[in-house]
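# Summary of structural features
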Amino acid sequence: MLGKVEITDQEFHQIVDFIKRHYGVNLEKKRTLIVGRMSNMLVKKGYSGYGEYMDKVLKNPFGEEATELVNTLTTNHTFFLREAQHFDFLREVVLPELKVKEAKSRDLGIWSAAASSGEEAYTIAMVIRDFFGMDAKNWDTTILATDVSRKALAKAEMAVFDAEQIAGLPPVWEKQYFTKREDGNFSLKKDIKDQVLFRYFNLMEEFPFKKKFHIVFLRNVMIYFDYETKVRLLNKMYDAMAPGGYLFIGTTETIDRSQSKFQYIQPSVYRKQS
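As a further point, take helix α1 (residues 9-23). For α1, which comprises 15 residues, the first-to-last C-alpha distance of 21 Å matches the rise-based estimate of 21 Å (1.5 Å per residue) to within 8%. Considered for burial, the residues of α1 that qualify are E11, F12, I15, V16, F18, I19 and Y23. For α1, the angular spread of buried residues about the axis comes to 160 degrees, placing them on one side. Seen from the open side of α1, the exposed residues pointing more than 90 degrees away from its buried face are Q10 and R21. Of the surrounding secondary structure, the elements contacted by the buried residues of α1 are α2 (31-44), α3 (50-59), α4 (64-73) and β6 (196-200). Of the residues one or two after α1, G24 is the one with positive phi, at around 80 degrees.

Structure follows, in structure tokens:
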């Protein structure tokens, strides 16, 4: 185990400020996390300390060191069927409604806005495939899956999971949607994998999307944002969604409805007014 590199108050605030300005994530109360995640990296790469590393980050805010910094400090923890009630609501309420509403266009806008290593987006894809069945090929249900961690996105695109990761899935899904590999891991089958388009995107940037979204999963991200950042993001999200579109947030998160136009449906499920 490599040694812990001590951090000064100035270095800590410099890192916190950089991550907040560029990614909206507030790490002011995460000093232990910053030291825990960065110490080994600094030693391995031969840096004398946080200051030397941050000098390189600040000289090129979109360079290799900056990318590694956000990959290291942003939490990318997820799993299949996380907060399963959302997928039940998607299957039982949202998709039946959209199947009728969008029967003519047969085109659904779907966004997994903090995709991490892909489990959320792939779960959405499997729910959609189950719902539409043989008619799935007649619908455009491509899921846009974005994240600020290129490392997490690279893992997501591989779509390879170990036995423990898929243990909680319905057995029929394992049989239909996964192939067991010689190494004992499981690869997601091509027809589901191809339903998800992974892209790097920072939620703090202006939204460039021309297509409106009917379904957005923005789960367990806003807990890292301060109030003003959260309000700005929700307003941008509202404008990016189709009338009647559904927004799913984390079950521990809430939306201040006095500062947002989203309509409350049930805990952690909101809707853009039709």
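The next point concerns the pairing of strand β7 (residues 213-218). The side chains of a regular strand alternate between both faces of the sheet. The buried fraction of β7 amounts to 6 of the 6 residues, a majority that puts the element mostly inside the structure. Direction of pairing for β7 relative to strand β8 (residues 241-249): parallel, over a ladder of 5 bridges. The partner of F213 across the bridge, within β8, is M241. On the question of chirality, the crossover connecting β7 to the parallel β8 by way of helix α11 (residues 227-240) is right-handed.

Once that is clear, we can look at unusual backbone geometry. One non-glycine residue with positive phi stands out, namely S116, at about 50 degrees. Considering the arrangement of structural elements, one finds S116 in the loop between β1 (110-112) and α6 (119-132). Positioned with a positive phi, A159 is a non-glycine residue whose angle comes to about 55 degrees. Considering the arrangement of structural elements, one finds A159 in the loop between α7 (150-158) and β3 (160-161).

Sheet architecture is open: 3 strands sit in the order β3-β5-β4, paired in antiparallel fashion. Each having just a single partner strand, β3 and β4 (178-180) make up the two edges of the open sheet.

Let us look at the sheet that holds β1. Paired through backbone hydrogen bonds, the strands of a sheet run either parallel or antiparallel to each other. On the basis of which strands lie adjacent, the open sheet formed by 7 strands has the order β6-β2-β1-β7-β8-β10-β9 and mixed pairing. Each of the sheet's edge strands pairs with one partner strand only, and the pair in question is β6 and β9 (263-266). Across the sheet, the mean angle separating the axes of adjacent strands is 20 degrees when strand polarity is ignored. Pairing analysis gives 3 bridges linking β1 to β7, with the strands arranged parallel. What sits directly across from S112, in β7, is F217. Across the sheet, α11 is in contact with β1, β7 and β8; its angle to β8 comes to roughly 135 degrees.

Conventions we followed
Residues numbered from 1 in each chain as written. Predicted model: local features only at pLDDT ≥ 70, side-chain atom pairs only at ≥ 80, totals over all residues. Heavy atoms only, no water. Helix = DSSP H or I, 4+ residues; strand = E, 2+ residues; numbered from the N terminus. Expected span 1.5 Å × (residues − 1). Buried < 20%, exposed > 50% of the residue type's maximum accessible area, 1.4 Å probe, protein only. Arc of directions from axis to C-beta. Contact = heavy atoms within 4.5 Å. Pairing = 2+ DSSP bridges. Right-handed = clockwise from strand over helix to strand, strands pointing away. Axes fitted to C-alpha atoms, helices over the stretch in contact; angles between N-to-C directions.

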